[in-house]
Amino acid sequence: MSRYEASFEIDSKTDSYAARRILERVYDTVREESRSVRDGSEETTLLQEFKTLRDAAKRPTTGKLTITYERYDDLDD
């Protein structure tokens, strides 16, 4: 398994706005992708988790955004 991580320190309103935009974009992407999979079923756990992250970033505050990508090497290409 390969693991990649990026951290973003949020210490200004500009940084906070950037983090919020990132999380809004990810939420929208996950929502659109899951919409085609779930076809009318209830919100997925993954979508709910991203919604929580997006909502938490709405209020400008200091903090740290860490994005981790784990790639499982055993999947076929």
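Not measured: the values here are computed from a predicted model. (Residues numbered from 1 in each chain as written. Predicted model: local features only at pLDDT ≥ 70, side-chain atom pairs only at ≥ 80, totals over all residues. Heavy atoms only, no water.)

### Some remarks on the side chain of Arg 54
Point 1. Its location among the elements puts Arg 54 in helix α2 (residues 45–56).
Point 2. Judged by relative accessible area, Arg 54 falls into the buried class, the value being 15%.
Point 3. Each residue touching Arg 54, except ones within four places of it in the same chain, is listed here: Leu 23, Glu 24 and Tyr 27. (Helix = DSSP H or I, 4+ residues; strand = E, 2+ residues; numbered from the N terminus. Buried < 20%, exposed > 50% of the residue type's maximum accessible area, 1.4 Å probe, protein only. Contact = heavy atoms within 4.5 Å.)

### Topic: the pattern of salt bridges
Point 1. Considering all chains together, one arrives at eight salt bridges under this definition.
Point 2. A salt bridge links Glu 5 to Arg 3; the nearest nitrogen and oxygen atoms lie 3.2 Å apart. For the pair Glu 5 and Arg 3, a shared accessibility class is recorded, and that class is exposed.
Point 3. Put simply, Glu 32 and Arg 31 hold a salt bridge, and the shortest N to O gap is 3.4 Å.
Point 4. Residue Glu 32 is classed as partly exposed on the basis of its relative accessible area, which comes to 39%.
Point 5. By relative accessible area, Arg 31 is classed as partly exposed at 23%. (Salt bridge = Lys/Arg side-chain N within 4 Å of Asp/Glu carboxyl O.)

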